[in-house]
Every structure is written in structure tokens, then in C-alpha cells.
Amino acid sequence: MNADRPEFRISDADRQEALDALNEHVRTGRLGLEEFGERSAQVTTAKTLGELAELFVDLPRPRPSVLDRPAQQPAPARQAEVADSPGPVASWLVSAAVPLSAVVAIVLYFTVARGIFLVFLIPIAVALLVSAATGRGWPGVR
């Protein structure tokens, strides 16, 4: 049980699983309708594992699986990956580079380089430069 981590926050899916378990306890006669109403209200307002665990102390299974899972520690590899990722502004610039270059190519085509189709090579060049600069390469290609 996650009793060693009662301060961990629970998700909406955990709350729904708890409500489903309470429904089963009503169906089998372990809880009356009044007590079900009280516990259901507490489940919907519960924010932590400790608050949720208190509602199932006197009940056998079924119970929310989050109460039986061991506490998870963040993986060190994931922390390093997050630390190496670019900031939100850099990510936005990289993702906006190709569409912006396409707009520039269209504007150039109709203004300065009238009828020269080579301006449409600009977005391709930008896509290649961005993929080389970020080290991402093309999706699905190693």
C-alpha cells in the first residue's frame, strides 16, 4: 500500500476507480446508501492518497489500485532528459521555423521573385537546417 506516501496527489481516474469500488460495495451490501453517499462525497473531494485510503480502511477488495501500488520514484534518466530539453521559447521557434519560411516564400513569390519557383525551396532548406541544428533528424529515421 502507498501508506508511506499519504501526501501524494491522486488523479481523476483514481477518484473514479474509488467510486466504482464503492458502488460494488453497495451492490454487495457492505455499505448502505447513506454511508455510500457520505463516502462518495469524500472521494470526490479527496486530494491525497491518505484521504482516499481512510475511506477504504474497513472495506475488503475491491479498492482503488492506487492504494496497492508501490510508491514510484522519478527515473533519473527522465530527469536528465528534461534538463537537456530546450526551453519553451526555443521549442516554439524550432516548431515555427518551417511554417514561417513557407509564408516568407509565398510573399517573395508574389512580390520580389515574381514567377520564380525556386523560392519554394526555402522551406525545405529551413527544415533541413532545423533538423541538423537540433539533432532530431526526420521522424522514423535513425
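Check the entry above for the structure.
Here's what I pulled together on the structure shown here. Residue numbers restart at each chain and count upward from 1, following the sequence in its written direction. Local features in a predicted model are, by the rule used here, given only for residues with pLDDT of at least 70; side-chain atom pairs are given and counted only at 80 or more, and totals for whole chains, interfaces and linings are based on all residues. Values shown for side chains rest on all heavy atoms present in the structure; no hydrogens or waters enter the calculation.

### Describing the environment of Q42
- Helix and strand definitions here come from DSSP, where helices need a minimum of 4 consecutive H or I residues and strands a minimum of 2 consecutive E residues; each element is numbered from the N-terminal end. In this fold, Q42 is placed in helix α2 (residues 33–45).
- Along the sequence, Q42 and E54 sit 12 residues apart, while their C-alpha atoms lie 9.9 Å from each other.

### Remarks on the packing of aromatic side chains
- Between 30 and 60 degrees the pair is tilted, below 30 it is stacked and above 60 it is edge-to-face, where a pair is any two Phe, Tyr or Trp rings, Trp via its six-membered ring, whose centres lie within 6.5 Å. Counted under the stated rule, the structure contains 1 aromatic pair.
- An angle of 80° between the planes, with centres 5.0 Å apart, marks the rings of Y109 and F110 as edge-to-face.

### Let's talk about a nonpolar patch on the surface
- Only residues whose relative accessible area exceeds 30% and that form no salt bridge are eligible for patches; like-charged ones are grouped when within 9 Å, while nonpolar side chains (Val, Leu, Ile, Met, Phe, Trp, Tyr) are grouped when within 5 Å. To be clear on the numbers: accessible area is Shrake-Rupley with a 1.4 Å probe, and residue cover counts the displayed protein chains and nothing else. Put simply, a salt bridge is a Lys or Arg side-chain nitrogen that is within 4 Å of an Asp or Glu carboxyl oxygen. A cluster of nonpolar side chains, I116, L118, L121, I124 and L128, forms an exposed patch at the surface whose accessible area comes to about 490 Å².
- Only protein chains enter the accessibility calculation, which uses a 1.4 Å probe; a residue is then buried when its area is under 20% of its type maximum, exposed when over 50%, and partly exposed in between. A relative accessible area of 43% places I116 in the partly exposed class.

### Brief notes about the pattern of salt bridges
- One pass over the full model with this rule turns up 6 salt bridges.
- Residue R39 pairs with D58 through a salt bridge whose shortest N-O separation is 2.9 Å. Of this pair, R39 sits in helix α2 while D58 sits in the loop between α3 (49–54) and α4 (76–84), placing them 19 residues apart in sequence.
- Relative accessible area serves as the criterion here: at 52%, D58 is assigned to the exposed category.
- Residue D68 pairs with R61 through a salt bridge whose shortest N-O separation is 2.7 Å.
- R61 gets classed as exposed once you look at its relative accessible area, which sits at 55%.
- Each member of the salt-bridge network shares a partner with another, and the members are E35, R39 and D58.

### Digging into helix α1 (residues 12–27)
- Over its 16 residues, α1 extends 23 Å from the first C-alpha to the last, a length consistent with the 22 Å expected when each residue adds 1.5 Å.
- A contact between two residues is defined here by any heavy atoms of the two lying within 4.5 Å. Buried-residue contacts for α1 involve α2 and α3.
- Side-chain atoms alone can form a polar contact between residues adjacent in sequence; in general such a contact is a pair of N or O atoms within 3.5 Å, and within protein one must be able to donate a hydrogen while the other accepts it. Between the side-chain oxygen of the N-cap and the backbone nitrogen of A13 there are 3.4 Å, and the N-cap of α1 in question is S11.
- Taken from the residues just after α1, G29 is the one with a positive phi, measuring 90°. By definition here, a helix of n residues has an expected span of 1.5 Å times n minus one.

### Points about the nonpolar core
- Think of a nonpolar core as a cluster: buried Ala, Val, Leu, Ile, Met, Phe, Trp, Tyr and Cys residues, connected wherever their side-chain atoms sit within 4.5 Å. Ranked by size, the top nonpolar core spans 17 residues in total, and within it L22, V43, L52, F56 and L67 carry the most contacts.
- Mapped onto this core, the elements with two or more residues apiece are α1, α2 and α3.
- Counting residues per element, this core draws most heavily on α1, which supplies 4 residues.

By themselves, these figures tell us nothing about what the structure is for.
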